[in-house]
Amino acid sequence: MHKWTKTLLFSALAAATVLTAGCSSSSGKYVDGTYDGTGKGVKSDIKVAVEIKDEKIDAITVEEHKETQAMIDAAVENTIPEIIEKQTTEGVDALSGASGSSGGIIEAVTQALEQAKKQ
C-alpha cells in the first residue's frame, strides 16, 4: 500500500505542475494600450504610436515627422517590422542610407515601450 501511495502522490504532484505551468503571470512584457514616443530624426522629431495587444507589440505607426518621405518610408518598411518581430528595439540597427530616420523611429519606440513595460 505504501508504494501505491507514493505513486499516487507523485502523479498528483506531476499533474499539478503541468496544470499550473501556464498559470504564471504572463509571458508578455508590456501592458495593453497605445503608447506615444518621440525620437530625433535628421530634419525633425519623429512621433510614433505603439499599440500593445495581448501584452506584445502589435503595431507601430509614425504619427508625425518632417523627414524626407523616401527616408521615412524606407525606415517604416524595414525597421518597424524588425522591432515587431523581435518584440523589442534591442539589437535593431539603424537602416543604412536612412540611419537618421530609422534611428529616430527606434528612439521613439524605445521611449513608448518604457511607458508600456510591466511594473
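What you are looking at is a predicted structure, and each value in this text was computed from that prediction instead of being measured. (Residues numbered from 1 in each chain as written. Predicted model: local features only at pLDDT ≥ 70, side-chain atom pairs only at ≥ 80, totals over all residues. Heavy atoms only, no water.)

### Here's the deal with helix H3 (residues 99–116)
Right, on to step 1. Along its 18 residues, H3 runs 25 Å from first to last C-alpha, staying within 8% of the 26 Å computed at 1.5 Å per residue.
Right, on to step 2. Listing the buried residues of H3 in full gives Ser101, Ser102, Gly104, Ile105, Ile106, Ala108, Val109, Ala112, Leu113 and Ala116.
Right, on to step 3. Where the residues of H3 are buried, they touch strand S1 (33–40), strand S2 (45–53), strand S3 (56–64) and helix H2 (69–86). (Helix = DSSP H or I, 4+ residues; strand = E, 2+ residues; numbered from the N terminus. Expected span 1.5 Å × (residues − 1). Buried < 20%, exposed > 50% of the residue type's maximum accessible area, 1.4 Å probe, protein only. Contact = heavy atoms within 4.5 Å.)

### Details of H2
Right, on to step 1. Between its terminal C-alpha atoms H2 stretches 25 Å, which fits the 26 Å expected from 18 residues at 1.5 Å a residue.
Right, on to step 2. When the local axis directions of H2 are compared, the greatest deviation, roughly 30°, occurs at Val76.
Right, on to step 3. All of the buried residues in H2 are Ile72, Ala75, Thr79, Ile80 and Ile83.
Right, on to step 4. Against the buried residues of H2 lie S2, S3 and H3. (Bend = angle between axes of the 7 residues up to and from the residue.)

### Comments concerning the sheet that holds S1
Right, on to step 1. Spatial strand order, S1-S2-S3: three strands in an open sheet with antiparallel pairing. In this open sheet, the two strands that pair with only one neighbour each are S1 and S3. Here the average twist between neighbouring strands, direction ignored, is 25°.
Right, on to step 2. Set on the sheet, H3 makes contact with S1, S2 and S3; between it and S1 the angle comes to about 140°. (Pairing = 2+ DSSP bridges. Axes fitted to C-alpha atoms, helices over the stretch in contact; angles between N-to-C directions.)

### A look at the pairing of S3
Right, on to step 1. The sheet contact formed by S2 and S3 spans seven bridges and is antiparallel. Following the sheet pairing, Lys47 is matched in S3 by Glu64.

### Structural notes on the packing of H2 against H3
Right, on to step 1. In the contact formed by H2 and H3, the axes pass within 8 Å of each other and the chain directions differ by 45°. With respect to their mutual orientation, H2 and H3 come out oblique. In this structure, H2 meets H3 at a crossing whose hand is right-handed. Residues Met71, Ile72, Ala75, Val76, Thr79, Ile80 and Ile83 of H2 pack against Ser101, Ser102, Ile105, Ile106 and Val109 of H3.
Right, on to step 2. Split by residue class, the contact of H2 with H3 holds nine nonpolar, three polar and no charged. (Parallel < 35°, antiparallel > 145°, perpendicular 65-115°, else oblique. Left-handed = near helix turned anticlockwise from the far one by under 90°. Nonpolar A, V, L, I, M, F, W, Y, C, P; charged D, E, K, R; others polar.)

### As for the pattern of salt bridges
Right, on to step 1. This model, assessed by the stated rule, comprises five salt bridges.
Right, on to step 2. For the salt bridge of Lys40 with Asp45, the shortest nitrogen-to-oxygen distance reads 3.9 Å. (Salt bridge = Lys/Arg side-chain N within 4 Å of Asp/Glu carboxyl O.)

### Details of the confidence of the model for the chain
Right, on to step 1. Averaged over all residues, the pLDDT of the chain is 84; the fraction at 70 or higher stands at 77%.
Right, on to step 2. Of the regions scoring below 50 in pLDDT, residues 4–26 engages in two contacts with residues more than four places distant in sequence or in other chains. (pLDDT = per-residue confidence, 0-100.)

### Some thoughts on the side chain of Thr89
Right, on to step 1. Tracing the backbone shows Thr89 in the loop between H2 and H3.
Right, on to step 2. Each residue touching Thr89, except ones within four places of it in the same chain, is listed here: Ile83, Ile106, Val109, Thr110 and Leu113.

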